[in-house]
Protein chains: 2
Amino acid sequence: MQLLQTTDKDFSTKFKALVNDRREATVDVSGTVREILADVKVRGDAAVHDYTSRFDHYHPESLRLSETFIAELAAKCPKDVTAALELAAERIAAFHEKQLPQDIGYTDTVGVRLGLNWVALSKVGIYVPGGRASYPSSVLMNALPAKIAGVDRIVMTVPMPRGEINPAVLAAAKIAGVTEIYGIGGAQAIAALAYGTETIAPVDKIVGPGNAYVAEAKRQVFGTVGIDSIAGPSEILVVADDKNNPEWIAWDLLSQAEHDPSAQSILITDSAEFAQKAIASVEQVLNKLATKSVATASWEKHGAVIIVNDLAESIPLINQLAPEHIELCIDNPQLLASEIKCAGSLFLGRYTPEAIGDYLGGPNHVLPTSRSARFASGLSVYDFLKRITYLECNQQALQQIGQAAVTLAEAEGLPAHGGSVAIRLRD
Amino acid sequence: MQLLQTTDKDFSTKFKALVNDRREATVDVSGTVREILADVKVRGDAAVHDYTSRFDHYHPESLRLSETFIAELAAKCPKDVTAALELAAERIAAFHEKQLPQDIGYTDTVGVRLGLNWVALSKVGIYVPGGRASYPSSVLMNALPAKIAGVDRIVMTVPMPRGEINPAVLAAAKIAGVTEIYGIGGAQAIAALAYGTETIAPVDKIVGPGNAYVAEAKRQVFGTVGIDSIAGPSEILVVADDKNNPEWIAWDLLSQAEHDPSAQSILITDSAEFAQKAIASVEQVLNKLATKSVATASWEKHGAVIIVNDLAESIPLINQLAPEHIELCIDNPQLLASEIKCAGSLFLGRYTPEAIGDYLGGPNHVLPTSRSARFASGLSVYDFLKRITYLECNQQALQQIGQAAVTLAEAEGLPAHGGSVAIRLRD
């Protein structure tokens, strides 16, 4: 963890280094991934079975999980977890339903009829990781926006090492309205979703987090299908004054640090005394965590505490860092919030720990990382909709605006463009 | 050009081949591009000057065009072209202003305040090609949505071979509200926009079409900045009955064919007789075109005419082809239009040649190609906006939903997530 103070002589140098900190491991797996994709494209199911057998030690007769299997496993999810998932789904759905946009359509003064219609994608794939990162909450956050957008086929893939699967993941899939589930993972799952196999019909877009192979496979199939953003390690920035309980803030900082040794937690405060208290609390809380080793690695290597003269000074720092999550643990958090232009999601006030948003606040927890909040947004209903625009001229309308199009076509040296308009003006 | 009929025995095989036709040249320029990007990242302006000198034979003192230079050149744009650009800008702006979305914000029944705010990107780069494809209309279509979204810095790059530039491109830039123009192109321009140099401050997103080097450079800087889609060769699909003038339809088909030998024009009709007339008209119109060689290459290699039994039969064909542009030259085009789920933009009726939309219909002419209309949309105001979500719980609200979050955090094995909520429920 590094401690910075805006009054330090070398603050701007140190802050710039923090902004440019590349936290992702960069192992080049592109060759391996390219081979797997090509193999699945050619050999289909046989290739997917081979890789699943080799990497996951799982040898199913059918890649697709049966309704019976899903129902039986989902029933094994503890009742309180199922109830919590149901509450989460209800809240997430309520927020995402409000995103459903309105079509545009009007006739302008010239008599041209024009507009824009929102249309749901017809089939999407949702990748769910296996092992430690097999989170039921991610199933809800990826599948519900698709469902609400009106996607017909919501196809989930989840690796099943040695045939094992988290019942809560299947419970979440049932709650979220996933329509098909395949027990496969890795680059082979991405290939099957993008190209299709004998048993898996291809989809048009693939979303969801995964390891380096999955991320690279998504990058390589982009164009054949759409993808969401490539998720980097998680980030939290907490702005806190000295009226906070330092232990609360310590838990918040560690809630992201525990995800990944490459995760980053940053505290900005206007009190040097509070900074020291929070740092001491982090050390104490770390000792209580089953995830201590991961959280410690993240906090020691990437954690930072920045002391500012007053909280307004934090605004340009925040907009440069463009963090995934921001907590504003201050009075009147809306004032500061209105100045923040680069962030994934905001958590306002002293009673909104970021983890509430991870599970059931309502907004999506799939958010831009690695400073991409400068140009990108969290997952939403919009990611599962397309826009189709339309234009309709009648003869009178074309007479009024057609000549200008002919002029521009001629200026651009495109005679057939001009001719297609001119012949309708003339005839 | 190939002629298909849905009653042909081998129709489905032939149609599948048409759908999977890969029309793009695949030259691997990734190594060269990687070197140029790395060089500009390290050497900044000096590297950009070197490449500009070598590739464009242009050796300016300053890369940035002065206001005086821009004003003088723009004044050389022919008056009728400037007037047409102004009409186009007005119509494009009017349509894109209607896209400006509403923020979402509400307090739910539990007392949680939550919402979503749309925020403009602060700085974007617009790449404009030089030479034959240096189109003023593309400047309007890329810059105006950014301007309307509220982007502060709109930075344009355009190569100036031997110092030459199309006055209409500068006139369009002035009309569209571009804030800075640099006379550079190629991968070096993309690098300068993404990484910044001594004279060019970096941007957050880069849009606009370019050659293979530009497309590859955009692919490689993706993540450092946002990009729009990678544009492929243009496409038009015309649905026409026998009540059309075949010559009108021939002009329409050739209006996209003249762009690029890899462009594709497809006619779907329910009349074999009309198909023959349209094909004959295409041959006649081709002979009138200054762009004959390009248009002929496209039509011969990639053109297709499909005869259907009735026009309803065209719907599944259209949705599989997912073309960039569709003209419905039929009566009551809205009926068929409502069934089309995969397309970039629709042109309805007999008096709406696609070229009207290229210049001044209102909707954007930057549209998804290569079947990506299955999952992607045309350029819009949304591409220059981000969404920031927010959540605010008070103590009472957290008491009501907090325990469910703790339950889910425990189920996912994330104790600091659970702890950050639990400590606020307890204290």
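Residues numbered from 1 in each chain as written. Chains lettered and ligands numbered in written order. Predicted model: local features only at pLDDT ≥ 70, side-chain atom pairs only at ≥ 80, totals over all residues. Heavy atoms only, no water.

Trainee: Where do I start with the relation of the copies chain B and chain A in this structure?
Mentor: Each copy superposes on the other: chain B lies on chain A with an RMSD of 0.0 Å after a rotation of 180 degrees and an axial shift of 0.0 Å. One copy is carried onto the other by what is essentially a two-fold rotation axis. The rotation axis passes nearest to the C-alpha of proline 101 of chain B in chain B, at a distance of 4.1 Å. An overlap of 100% is found between the interface residues of chain B and their copies at the interface of chain A, pointing to a shared contact surface. (Least-squares fit on C-alpha atoms with pLDDT ≥ 70 in both. Contact = heavy atoms within 4.5 Å.)

Trainee: Looking at this structure, how should I read the UniProt feature "binding site: substrate" (unreviewed entry) in chain A?
Mentor: When the UniProt feature table is mapped onto this chain numbering, "binding site: substrate" (unreviewed entry) sits at Ser234, Gln256, His259, His325, Asp358, Glu412 and His417 of chain A. Look at the named residues: they lie 184 residues apart in sequence, and the longest C-alpha span between them is 55.4 Å, so in the fold they stay spread out. For glutamine 256 of chain A, a relative accessible area of 1% corresponds to the buried category. Each residue touching glutamine 256 of chain A, except ones within four places of it in the same chain, is listed here: Ser234, Glu235, Ile236, Ala263, Ser265, His325, Glu354 and Asp358 of chain A together with His417 of chain B. Residue position: histidine 325 of chain A is located in strand S12 (residues 325-329). Residue class for histidine 325 of chain A comes out buried when judged on its relative accessible area of 1%. Of note is the side chain of histidine 325 of chain A, whose polar atom sits 2.8 Å from the backbone oxygen of glutamate 235 of chain A. (UniProt positions renumbered as here; feature names shortened; annotations may be inferred. Buried < 20%, exposed > 50% of the residue type's maximum accessible area, 1.4 Å probe, protein only. Helix = DSSP H or I, 4+ residues; strand = E, 2+ residues; numbered from the N terminus. Polar contact = N/O pair within 3.5 Å; in protein donor to acceptor, adjacent residues only side chain to side chain.)

Trainee: Got a minute to help me understand the UniProt feature "binding site: Zn(2+)" (unreviewed entry) in chain A in this structure?
Mentor: Residue and element names in this part refer to chain A. Feature annotation in UniProt assigns "binding site: Zn(2+)" (unreviewed entry) to the following positions: Gln256, His259, Asp358 and His417. The greatest C-alpha distance among the annotated residues, which extend across 162 residues, is 55.4 Å, indicating that they are dispersed rather than converging on a single site. Turning to its location among the elements, glutamine 256 is positioned in helix H10 (residues 246-257). Inspection of the secondary structure puts histidine 259 in the loop between H10 and strand S10 (264-269).

Trainee: Is there a simple way to think about the pattern of salt bridges in this case?
Mentor: Once the charged atoms of two side chains with opposite charge are near each other, the side chains can pair. Summed over the entire model, instances satisfying the criterion amount to 34 salt bridges over all chains. In this structure, the salt-bridge partner of aspartate 39 of chain B is arginine 43 of chain B, at a minimum N-O distance of 2.9 Å. Placement of the pair is aspartate 39 of chain B and arginine 43 of chain B together in helix H2 (residues 30-43), with a separation of four residues, close to one helical turn. Here arginine 113 of chain B and glutamate 392 of chain B are joined by a salt bridge, their closest N and O atoms 2.9 Å apart. Of this pair, arginine 113 of chain B sits in strand S3 (residues 113-120) while glutamate 392 of chain B sits in strand S14 (residues 385-392), and the two are 279 residues apart along the sequence. On the accessibility criterion, arginine 113 of chain B (26% relative accessible area) is partly exposed. Overlapping salt bridges bring together Asp241, Lys243, Asp331 and Arg350 of chain A as one network. (Salt bridge = Lys/Arg side-chain N within 4 Å of Asp/Glu carboxyl O.)

Trainee: What is the right way to read the packing of helix H4 (residues 67-75) of chain A against helix H7 (residues 167-176) of chain A from this model?
Mentor: Between two packed helices, both the angle of their axes relative to each other and the distance between the axes serve to describe the pair. Residues and elements named next belong to chain A. At their nearest, the axes of H4 and H7 sit 8 Å apart, and the two run at 115 degrees to each other. Seen along the crossing, H4 lies across H7 with a hand that is left-handed. Contacts between H4 and H7 pair Phe69, Ile70, Ala71, Leu73 and Ala74 from the former with Pro167, Leu170, Ala171 and Lys174 from the latter. Across the contact of H4 with H7, the residue classes tally to eight nonpolar, no polar and one charged. (Axes fitted to C-alpha atoms, helices over the stretch in contact; angles between N-to-C directions. Left-handed = near helix turned anticlockwise from the far one by under 90°. Nonpolar A, V, L, I, M, F, W, Y, C, P; charged D, E, K, R; others polar.)

Trainee: Explain the environment of asparagine 166 of chain A to me, please; I cannot follow it from the model alone.
Mentor: All names here are of chain A. Take asparagine 166: it is sitting in the loop between strand S5 (153-157) and H7. Asparagine 166 gets classed as partly exposed once you look at its relative accessible area, which sits at 25%. Separated by 35 residues in the primary sequence, asparagine 166 and glycine 131 place their C-alpha atoms 8.6 Å from one another. Excluding its chain neighbours within four sequence positions, the residues that come into contact with asparagine 166 are Ser134 and Pro136. For asparagine 166, the side chain forms a polar contact with the main-chain oxygen of serine 134, separated by 3.4 Å.

Trainee: Got a minute to help me understand unusual backbone geometry in this structure?
Mentor: Negative phi values dominate among residues other than glycine, just as trans dominates among peptide bonds. The residue alanine 322 of chain A is not glycine, and still its phi comes out positive at about 45 degrees. Here alanine 322 of chain A shows up in the loop between helix H13 (314-321) and S12. Classification of alanine 322 of chain A as buried rests on a relative accessible area of 0%. Phi angles above zero are rare outside glycine, and serine 370 of chain B is one such case at about 55 degrees. Inspection of the secondary structure assignment puts serine 370 of chain B in the loop between helix H15 (354-359) and S14. Since its relative accessible area comes to 27%, serine 370 of chain B is described here as partly exposed.

Trainee: So what exactly am I meant to see when it comes to the domain arrangement of chain A here?
Mentor: Note: interface size is frequently given as the accessible area lost on complex formation between the parts. All names here are of chain A. According to the domain assignment, chain A consists of domain 1 (30-100 + 121-227), domain 2 (232-374) and domain 3 (393-426). Each of domain 1 and domain 2 has a C-alpha centre, and the two are 30 Å apart. In this complex, domain 1 contributes 13 residues to the contact, which on the side of domain 2 involves 12 residues. Together domain 1 and domain 2 conceal approximately 1000 Å² of surface at their shared face, both sides included; 56% is due to carbon and sulfur atoms. Summed over the three residues of domain 1 that lose the most area to domain 2, namely Arg91, Arg132 and Met141, the buried surface amounts to 45% of that side. Counting every contact that joins domain 1 to domain 2 gives zero salt bridges. Where domain 1 packs against domain 2, one counts five residue pairs in polar contact (both at pLDDT 80 or more). (Domains from an automatic or database assignment. Buried area = accessible area lost by both parts, 1.4 Å probe.)

Trainee: Can you walk me through the sheet that holds S14 of chain B in this structure?
Mentor: Strands pair in a sheet through their backbones, by hydrogen bonds, and they do so in one of two ways: parallel or antiparallel. Taken in spatial order, the nine strands line up as S1(A)-S11(A)-S10(A)-S9(A)-S12(A)-S13(A)-S14(B)-S3(B)-S2(B) in an open sheet, and their pairing is mixed. Pairing within the sheet leaves two strands with one partner each, and these edge strands are strand S1 (2-5) of chain A together with strand S2 (104-107) of chain B. The mean angle between the axes of side-by-side strands here comes to 15 degrees, regardless of whether they run parallel or antiparallel. Packed on one face of the sheet, H10 of chain A meets strand S9 (235-240), S10 and S12 of chain A and runs near 165 degrees to S9 of chain A. (Pairing = 2+ DSSP bridges.)

Trainee: How should I be thinking about helix H7 (residues 167-176) of chain B in this particular structure?
Mentor: Since there are 3.6 residues in each turn of an α-helix, residues three or four apart along the chain are aligned in direction. All names here are of chain B. Counting buried residues in H7 gives seven out of 10 residues, a clear majority hidden from the surface. Burial in H7 covers these residues: Ala168, Val169, Leu170, Ala171, Ala172, Ala173 and Ala176. Residues of H7 that are buried make contact with helix H4 (67-75), helix H5 (79-97), helix H6 (136-149), strand S5 (153-157) and strand S6 (180-182). After H7 finishes, the residue glycine 177 shows a positive phi value of roughly 85 degrees.

Trainee: Help me out: how do you make sense of the sheet that holds strand S10 (residues 264-269) of chain B in this one?
Mentor: Strand order in this open sheet of nine strands is S2(A)-S3(A)-S14(A)-S13(B)-S12(B)-S9(B)-S10(B)-S11(B)-S1(B), and the pairing throughout is mixed. Bordering the open sheet on either side are strand S2 (104-107) of chain A together with strand S1 (2-5) of chain B, each of which pairs with just one other strand. Neighbour-to-neighbour, the strand axes of the sheet open up by a mean angle of 15 degrees, direction not taken into account. Sheet topology places strand S9 (residues 235-240) of chain B next to S10 of chain B; six bridges connect them, and they run parallel. Bridge pairing in S10 of chain B links valine 239 of chain B to isoleucine 268 of chain B. Sitting on the sheet, helix H1 (residues 11-19) of chain B touches S1, S10 and strand S11 (304-307) of chain B, and the angle it makes with S1 of chain B is about 135 degrees. Here helix H12 (residues 292-302) of chain B sits on the sheet and contacts S10 and S11 of chain B; the angle it forms with S10 of chain B, its principal contact strand, is near 55 degrees.

Trainee: Can you walk me through the interface of chain B and chain A in this structure?
Mentor: At the interface, 113 residues of chain B touch 114 residues of chain A. Roughly 9700 Å² is buried in total at the junction of chain B and chain A, and carbon and sulfur atoms are behind 63% of that figure. Applying the counting rule to chain B against chain A returns eight salt bridges. Where chain B touches chain A, the interface holds 48 residue pairs in polar contact (both at pLDDT 80 or more). Looking at the side of chain B that touches chain A, its residues break down into 61 nonpolar, 30 polar and 22 charged. The pairing of strand S14 (residues 385-392) of chain A with strand S13 (residues 345-348) of chain B spans four bridges and is parallel. By the bridge assignment for S13 of chain B, tyrosine 390 of chain A is matched with leucine 346 of chain B.

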